[in-house]
Amino acid sequence: MNASALTISALVLGVLLLALAIWERLGRGPQARAWLRAPRESGVRGAMFVLPGIGILSLLVGLAPWLEGSPLLGLAALVLAPLGLWLVFGWGALALPYPRWSVPGWARETIGARFDKTRWRR
C-alpha cells in the first residue's frame, strides 16, 4: 500500500473529472450546459462519455495500490474498468451509436434535433 505521487495525482484527477462530469450532466445553470453548444457531435460525446470515462480510469489507476488488499475494490475495478474503456472508446472515440437513455433528460430533445437522431423520435 505504498502510494506514490503518480497514484495520488491519478486519484485526485479522477475525482475532479468525475465531479466535473456529474456537474455537467446535472446541467443546473448555463455554465453546466455549455457543452451542449459544441459545434459538432464529437464535442458533445466528449462531455457525455469521454470525460467520465477518463475520470473512471484515472480513479482506478489512483486506487491501484489498494486493489490487491481489498476484494471489494478489486470487484469494483473489474466492473468499472470495462465501463470506463467503453465510454472512452466505444461511445467516445469510435462514435458508435449511443442510446437515448444515456443522455441527460434535459438535453435529449436538443441533441436529437441538432444531430438528426430520428430513431429517438419514435
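Everything in this summary refers to the structure shown in the same document. (Residues numbered from 1 in each chain as written. Predicted model: local features only at pLDDT ≥ 70, side-chain atom pairs only at ≥ 80, totals over all residues. Heavy atoms only, no water.)

### As for helix α1 (residues 5-26)
Alright, step 1. Relative to the 32 Å expected for 22 residues at 1.5 Å per residue, α1 spans 32 Å between its end C-alpha atoms, a close match to the ideal helical length.
Alright, step 2. Those residues of α1 lying buried are Thr7, Ala10, Gly14, Leu17, Ala21 and Glu24. Down the axis, α1 shows its buried residues gathered within 120 degrees of arc, on one side only. Projecting away from the buried face of α1 at angles above 90 degrees are the exposed residues Ala5, Leu16 and Ile22.
Alright, step 3. Buried residues belonging to α1 abut α2 (41-67).
Alright, step 4. Of the residues one or two after α1, Gly27 is the one with positive phi, at around 65 degrees. (Helix = DSSP H or I, 4+ residues; strand = E, 2+ residues; numbered from the N terminus. Expected span 1.5 Å × (residues − 1). Buried < 20%, exposed > 50% of the residue type's maximum accessible area, 1.4 Å probe, protein only. Arc of directions from axis to C-beta. Contact = heavy atoms within 4.5 Å.)

### Examining the pattern of salt bridges
Alright, step 1. With the rule as written, the count across this model stands at two salt bridges.
Alright, step 2. Where Glu41 meets Arg45, a salt bridge forms, and the shortest distance between an N and an O atom there is 3.8 Å. Here Glu41 pairs with Arg45, and both are found in helix α2, just four residues apart, close to one helical turn. Just as Glu41 is buried, Arg45 falls in that class too.
Alright, step 3. Note that Lys117 and Glu41 form a salt bridge whose closest N and O atoms lie 2.6 Å from each other. Of this pair, Lys117 sits in the segment after α4 (108-114) while Glu41 sits in helix α2; the two residues are 76 residues apart in sequence, bridging distant segments of the chain.
Alright, step 4. Its relative accessible area of 8% is what places Lys117 among the buried residues. (Salt bridge = Lys/Arg side-chain N within 4 Å of Asp/Glu carboxyl O.)

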